[in-house]
Amino acid sequence: VRPHTTPEVRVREGLTLHGAVRAENGRPAGAPHPRSPIAATARMADGTWRFATEDGGLWRADTFTGALTRVGELASRVHRGPDRGGGVTQGAHHEGALVVRDGALRAHRLDADGTVRALPLARVIHALSVDPRTVLAITEPGALWRSEDGGARFARVRLPSGVALALWIDEQGVHVLTLTA
């Protein structure tokens, strides 16, 4: 494992990432650790976890700090969202499925059974799984989209004003950062 150069990322209360190392209440997970930093996490409906590393690796664990098993790989690197302050990375944590964005602005969904599929959107800025059926996405130039069927079809969400910039989920719910003129 290489030393990480990324800041600590708070996933949920008591759960953090330190590059490729996961920790719960300050206790790091045991080996093995991925070679690349973890870019996104998802807690699945059955309580297990999925992880995506920056190099495109897809991983599974029974608990947040449980032993990792590699379950797949994307053809390109995973894009990590920008830090929104306080050690929280936008779009880093998901519920029900893992949705990640690659360097070509395409979004991919990893389901609990290990299936990986591309979402039918282009030029994706952010994507977020809220639960196993609900996926939100922002595409250039700031359009917000919602899927109620796990990401198979999307409908545009009209914002009261401005454009959508980022998505994240935490203990208080789903958040959409917008910019108004």
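As a convention, each chain's residues are numbered from 1 in the sequence order in which they are written. The predicted nature of this model means local features are confined to residues of pLDDT at least 70 and side-chain atom pairs, given and counted, to a pLDDT of 80 or more, with totals for whole chains, interfaces and linings taken over all residues. Hydrogens and water molecules were not included; the side-chain quantities draw on all heavy atoms of the structure.

Draft legend 1. Layout of the overall build of the chain. Helix and strand counts for the chain stand at 0 helices and 19 strands. Every one of the 181 residues in the chain was classed for burial, and the buried ones make up 50%. Whether two residues are in contact is decided by their heavy atoms: any pair within 4.5 Å suffices. In the chain, 40% of the contacts between residues at least 6 apart in sequence involve partners at least 24 apart. All accessibility values rest on the Shrake-Rupley procedure with a 1.4 Å probe; residue burial counts only the protein chains present in the view. For the chain, the accessible area works out to roughly 8,600 Å², and carbon and sulfur atoms hold 52% of it. Helix and strand assignments come from DSSP, with helices taken as H or I runs of at least 4 residues and strands as E runs of at least 2, each series counted from the N terminus. Exposure is judged per residue with a 1.4 Å probe applied to protein chains only, and the accessible area is read against the type maximum: over 50% gives exposed, under 20% gives buried, and values in between give partly exposed.

Draft legend 2. How the structure looks around the sheet that holds strand 14 (residues 124-129). On the basis of which strands lie adjacent, the open sheet formed by 4 strands has the order 14-15-16-17 and antiparallel pairing. Of all the strands in the sheet, the pair left with one neighbour each is strand 14 and strand 17 (155-157). Adjacent strand axes in the sheet meet at a mean angle of 25° when their direction is disregarded. For two strands to count as paired, DSSP must find a minimum of two bridges between them. Sheet analysis places strand 14 next to strand 15 (residues 135-139), joined by 5 bridges and oriented antiparallel. Bridging across to strand 15, Val124 finds its partner in Thr139. Note on geometry: axes are lines fitted to C-alpha atoms, helical ones only across the stretch in contact, with angles between N-to-C directions running from 0 to 180 degrees.

Draft legend 3. Up close: a nonpolar patch on the surface. Taken together, the side chains of Leu165, Leu177 and Leu179 define a hydrophobic patch exposed on the protein surface, amounting to about 240 Å² of accessible area. If you trace the backbone, Leu179 turns up in strand 19 (residues 173-179). Only residues whose relative accessible area exceeds 30% and that take part in no salt bridge are eligible for patches, with like-charged residues grouped when within 9 Å of each other and nonpolar side chains (Val, Leu, Ile, Met, Phe, Trp, Tyr) grouped when within 5 Å. Here a salt bridge means any side-chain nitrogen of Lys or Arg lying within 4 Å of a carboxyl oxygen belonging to Asp or Glu.

Draft legend 4. Fine view of the side chain of Asp111. Within the secondary structure layout, Asp111 lies in the loop between strand 12 (107-110) and strand 13 (116-118). Taking relative accessible area as the criterion, Asp111 reaches 15% and is therefore assigned buried. Side chain to side chain, Asp111 and Arg109 meet in a polar contact 2.3 Å long. With residues near it in sequence (within four places) discarded, Asp111 still touches Met44, Arg50, Ala97 and Arg117. Polar contact is the term for a pair of N or O atoms within 3.5 Å; when the atoms are in protein, one must be able to donate a hydrogen and the other to accept it, and sequence-neighboring residues count only if both atoms are side-chain atoms.

Draft legend 5. Spotlight on the packing of aromatic side chains. Side-chain rings of Phe, Tyr and Trp, where Trp is taken by its six-membered ring, are said to pair if the distance between their centres is within 6.5 Å; with planes under 30 degrees apart they count as stacked, over 60 as edge-to-face, and otherwise as tilted. Inspection of the entire model under this criterion finds 3 aromatic pairs. Centroid distance Trp49 to Phe51: 6.3 Å. Interplanar angle 15°. Geometry classified as stacked. We note that Trp49, like Phe51, is buried. Considering the side-chain rings of Trp49 and Phe64, the 5.0 Å spacing of their centres and the 75° angle between planes classify their relative orientation as edge-to-face. Here Trp49, found in strand 6 (residues 49-53), pairs with Phe64, found in the loop between strand 7 (57-61) and strand 8 (69-73); they are 15 residues apart in sequence, far enough to count as distant. Owing to a relative accessible area of 5%, Trp49 belongs among the buried residues under this scheme. Its guanidinium or amino end placed over the ring of Phe51, Arg22 lies 5.2 Å from that ring's centre, counting from NZ or CZ. By definition here, charges over rings are those cases where NZ of Lys or CZ of Arg is within 6 Å of the ring centre and within 35 degrees of the ring normal.

Draft legend 6. Here's a closer look at the side chain of Glu95. Here Glu95 shows up in strand 10 (residues 93-95). Discounting residues that sit within four places of it in the chain, Glu95 has contacts with Arg12, Arg43, Ser129, Val130, Asp131, Pro132 and Ile169.

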